[in-house]
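Each chain is listed here by its residues.
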Amino acid sequence: MITRFAPSPTGPLHLGHAFSALTAFNLAQAAGGTFLLRMDDIDRERSKPEYEQMAFEDLAWLGLTWPEPVMRQSRSGDRFRAALGQLADLGLTYPCSCSRGDIAAAAGAPQEGVPEFGPDGRIYPGTCRERPMSDLKPDDAIRLDMAKALEHGPLPGFHETGPERPGTHALDPRGMIEGIGDVVVARKGQAAAYHLCVVVDDTAQGVTLVTRGMDLFDATPIHVLLAHLLGFPVPHYHHHRLIRDEAGKRLAKRDDARAIRKYREDGATPEDIRAMVGL
Ligand code: GLU
């Protein structure tokens, strides 16, 4: 069993990260498995070495250990290009030049019963869908044609554990991704986009259990589809509960007040942090 914690070093880690990392670490320990740390630093503008260093220090202080060297998404460019090439060879991708404004304008007025937003933002209306990959321009994003992708052989189910449903159970991703629109697999100016990066790197690291928060639950079926298209084994998934503030809002990077670093400076112990997140 191999699981991981994969933060993006774009801000200090907060209590939600502490809970996610400790959950993954505890699951690995309980199963006699391996806990890995990965830096999801594909966003080169927002990722900062000082946040990465802070994450290493905070996680070690919490009592976590992990094998070195730590994988960095920014070094996985060749793997991402190979995966994008595979999807293009299957005829499942197309270049897209639409801005957010273009997409909002083309989507038109919201219709009753038709969702406007999916796990990948505003549901893409398909403006560029007929463009061939040979037309790819440096400023284009690349999207996955979901209708075609869903026709590509029988989509496997996935095993999930989490706070919403007791025990391990199998879920069918198909119904969860029909209607969410064509997701972005490469962003303009970046080797690849979140969904593809995570699937490729989890596979490269041999991850068998993806541990992540419930906030990413809707992304999981997209990842199962991508793994299936790329011929990768589909891991199991554990979606954990979210740590919220007093108002019930999920903690975000900007919640610096709840940064692990801040609690450390105020004299908290690792045990205090565990207690604060209910462990
Ligand atoms: N890098 C992702 C994040 O910071 C987590 C990895 C994942 O489970 O997708 O939200």
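Residues numbered from 1 in each chain as written. Predicted model: local features only at pLDDT ≥ 70, side-chain atom pairs only at ≥ 80, totals over all residues. Heavy atoms only, no water.

Asker: Tell me about the pattern of salt bridges, and name the residues and values.
Answerer: Under the criterion given, the structure shown has 20 salt bridges. Put simply, Glu178 and Arg174 hold a salt bridge, and the shortest N to O gap is 3.7 Å. Take Glu178: its relative accessible area is 46%, and that puts it in the partly exposed class. The closest approach of N and O atoms between Asp266 and Lys262, which form a salt bridge, is 3.2 Å. (Salt bridge = Lys/Arg side-chain N within 4 Å of Asp/Glu carboxyl O. Buried < 20%, exposed > 50% of the residue type's maximum accessible area, 1.4 Å probe, protein only.)

Asker: Go over the pairing of strand β8 (residues 158-161), please, and point to the residues and values.
Answerer: Burial along β8 is one-sided: the residues Phe158 and Glu160 are buried and none of His159 and Thr161 is. Both β8 and strand β12 (residues 236-240) contribute to a ladder of 2 bridges, which runs parallel. Among the inter-strand pairings, Thr161 is bridged to a residue of β12, identified as His238. (Helix = DSSP H or I, 4+ residues; strand = E, 2+ residues; numbered from the N terminus. Pairing = 2+ DSSP bridges.)

Asker: Quick rundown of helix α3 (residues 77-89)? Include the residues and the values.
Answerer: Between its terminal C-alpha atoms α3 stretches 18 Å, which fits the 18 Å expected from 13 residues at 1.5 Å a residue. Gly77, Phe80, Ala83, Leu84 and Leu87 are the residues of α3 that are buried. An end-on view of α3 places all buried positions within 130° of arc, on one side of the element. Exposed and facing more than 90 degrees away from the buried side of α3 are Asp78 and Asp89. Check the buried side of α3 and you find it contacts β4 (93-96), β10 (184-186), α7 (194-204) and α8 (220-230). A positive backbone phi angle near 75° is found at Gly91, which sits one or two residues after α3. (Expected span 1.5 Å × (residues − 1). Arc of directions from axis to C-beta. Contact = heavy atoms within 4.5 Å.)

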